[in-house]
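Chain residues, written in single-letter form:
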Amino acid sequence: MTRTIMHIDLDAFFVSVEQALNPELQGKPVVVGGRPAGRGVVASASYQARAFGLHAGMPLITACRLCPRAIFIEGSFPKYRDASQRFMAILADFSPYLEPVSLDEAYLDATGFESIYGSIHHMAVAIKQRIKDELGLYASVGIASCKVVAKIAAELSKPDGLLEVSAGKEHSFLAPLPIAKLPGIGRKSERILNGLGIHTIGKLSIMPPTALKSHFGASGELLHRFANAIDDRQVELPSAAKSISRETTFGKDTQDRSLLKATLRYLSERVGSELRQQGKPARCITLKLRYADFTTITRRHTLSQTSDSDQTIFDTGLKLLNRARAQEKQPVRLIGIGVSNLVEPGKQLDMLDTSAQRQEQLNRAIDRIRKKYGFTAIQTGQTLLLKEIFPTSEEGYTLQTPSLSR
Ligand code: TTP
Ligand code: MG
């Protein structure tokens, strides 16, 4: 199944935040990193400064020599953190399948979203427009069928760019590019590969993986895959929790079966409620027991179907408890129940049985977008664009369901 991945990276991020806050800096060579006399390096250089050869990581002294009229700014992290949060919030309005990678960079899974936005290209234009209108910043966007190609596309499109690599065109897109464009190739790897006569990604892609492994070890395999646009890395949502658990230490060590059972019931309900709040059912259930002598055991069960039900958590926990008690009779000091392998809503689709369930899952994702996006409230430049895409109705724009191909 072909995916549509977007990579979004803000242009000259630190500098652009400074320029947005102080228009006098706009259109000028500006450097964030510190005073030129200091021993620091350039963190971010405006594109006007880059025209003089300035780039991130360059010692400030060198930067000052190359471009004496550049404006050097110390920088202030809270400003950038704030801008970053607002940037990510805008992206989250467009798709719930969002993976922030750094302060100014994120992947977004846009598979199936053409039916909401008209086309993925339109969606990217709308994203860029909102970032510009609300933050005064410019973003570059790469669109492709996998992360590595989307990232390279965004990079190549800078500044204020938008580059879409159609499915099937990944190889011809990558082939002529210098190997340094491939994530994971630093100066050292570049030198080694150049020494082997390999200068382009195309050349790298036909190098036998075994040869790459002999030079680069395990990462040689990855280079081979990336050079061939083979990248099945998913857009990973930052999950609030990878597992949820609750436990109780008894006031007095106990062997009382009904007390253990009642406590387990209470803890299961608390875990279940938290799970449902996060909207992520779990696949694994773990019971924890600490005995009077402080030995602690955990017993785990993997469910055949994910669940967020109190009853399933409790029933499974109780089975594990009965089994553990049959083996060890000493009094219990602590009992706990936990769930792990939480499944993100968007990731569960493949495991779901019926199309009705799929539909429900997707609807939930759409609801999130609708709730956050507030179509009718938008008064920015993109309204015009959205009007073209969405048939208007009394209450605003009608949202269409994306295709179920995810
Ligand atoms: P980048 O996205 O790599 O750089 P950039 O946004 O300044 O420029 P562009 O994306 O247009 O090429 O990094 C984002 C921010 O991270 C950057 O503005 C400053 C910070 N950063 C550092 O502090 N040190 C560094 O060496 C790099 C590369 C970035
Ligand atoms: Mg950037």
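Before any of the text, the structure's been laid out above.
Residues numbered from 1 in each chain as written. Chains lettered and ligands numbered in written order. Predicted model: local features only at pLDDT ≥ 70, side-chain atom pairs only at ≥ 80, totals over all residues. Heavy atoms only, no water.

Participant: Sorry, what's going on with the overall build of the protein chain here?
Facilitator: For the protein chain, the count of helices and strands is 16 helices and 14 strands. Every one of the 406 residues in the protein chain was classed for burial, and the buried ones make up 47%. Counting only contacts in the protein chain whose residues sit at least 6 apart along the sequence, the fraction spanning at least 24 positions is 64%. Accessible surface, the protein chain as shown: approximately 19800 Å² in total, 52% of it carbon and sulfur. (Helix = DSSP H or I, 4+ residues; strand = E, 2+ residues; numbered from the N terminus. Buried < 20%, exposed > 50% of the residue type's maximum accessible area, 1.4 Å probe, protein only. Contact = heavy atoms within 4.5 Å. Areas by Shrake-Rupley, 256 points an atom, 1.4 Å probe, with all protein chains shown as cover.)

Participant: What am I meant to see in the sheet that holds strand E2 (residues 30-32) here?
Facilitator: Two modes of strand pairing occur in sheets, parallel and antiparallel, and in both the strands are linked by backbone hydrogen bonds. Read across the open sheet, the three strands follow the order E3-E2-E4; overall the sheet is mixed. Two strands in the sheet have a free side with no partner beyond their single neighbour: strand E3 (44-45) and strand E4 (71-73). Taken together, the two bridges between E2 and E3 define a ladder with antiparallel strand orientation. Within E3, the residue paired with valine 32 across the bridge is serine 44. (Pairing = 2+ DSSP bridges.)

Participant: What exactly am I supposed to notice about the coordination of the magnesium ion (ligand 2) here?
Facilitator: When four donors bind a metal tetrahedrally, each ideal donor-metal-donor angle is 109.5 degrees, and when six bind octahedrally, the ideal angles are 90 or 180 degrees. The protein atoms donating to the magnesium ion (ligand 2) are Asp9 (OD), Leu10 (O) and Asp104 (OD), with metal-donor distances spanning 2.1 to 2.2 Å. Metal-centred angles of 76 to 179° between the six donor atoms at the magnesium ion (ligand 2) mark the site as octahedral. Each donor residue of the magnesium ion (ligand 2) belongs to the same chain, with the gaps between them written as D-L-x93-D. Of the two residues, aspartate 9 is situated in strand E1 (residues 5-10) and aspartate 104 in the loop between strand E5 (98-102) and strand E6 (105-109); the sequence distance between them amounts to 95 residues. An identical accessibility class is assigned to aspartate 9 and aspartate 104; each is buried. (Donors = N, O, S within 2.8 Å, 3.2 Å for Na, K, Ca; no water. Tetrahedral: all angles 85-135°; square planar, octahedral: opposite > 155°, others 65-115°.)

Participant: Just to check I follow, could you spell out the nonpolar core for this structure?
Facilitator: As a rule of thumb, soluble globular proteins bury nonpolar side chains together. Of all hydrophobic cores here, the largest spans 39 residues; its most connected members are Met6, Leu91, Leu108, Met123 and Ile131. Those elements that place two or more of their residues in this core are E1, helix H1 (13-21), E2, helix H4 (77-94), E6, helix H5 (114-117), helix H6 (120-135) and strand E7 (139-144). Top element by residues in this core is H4. It accounts for eight residues. Residues within four places of isoleucine 131 in sequence aside, it is in contact with Leu10, Phe87, Ile90, Leu91, Gly136, Leu137 and Ala139. By size, the runner-up hydrophobic cluster in this structure holds 28 residues, among which are Ile5, Ile185, Leu193 and Ile201. (Core = buried A, V, L, I, M, F, W, Y, C linked by side-chain atoms within 4.5 Å.)

Participant: What exactly am I supposed to notice about the environment of isoleucine 5 here?
Facilitator: In this fold, isoleucine 5 is placed in strand E1. A relative accessible area of 0% means that isoleucine 5 is categorised as buried. Residues isoleucine 5 and glutamate 164, spaced 159 residues apart in sequence, show a C-alpha to C-alpha distance of 10.0 Å. What isoleucine 5 contacts, discounting residues up to four positions off in sequence, is Tyr107, Leu108, Asp109, Gly142, Ile143, Ala144, Ser145, Cys146, Lys147, Ala150 and Val235.

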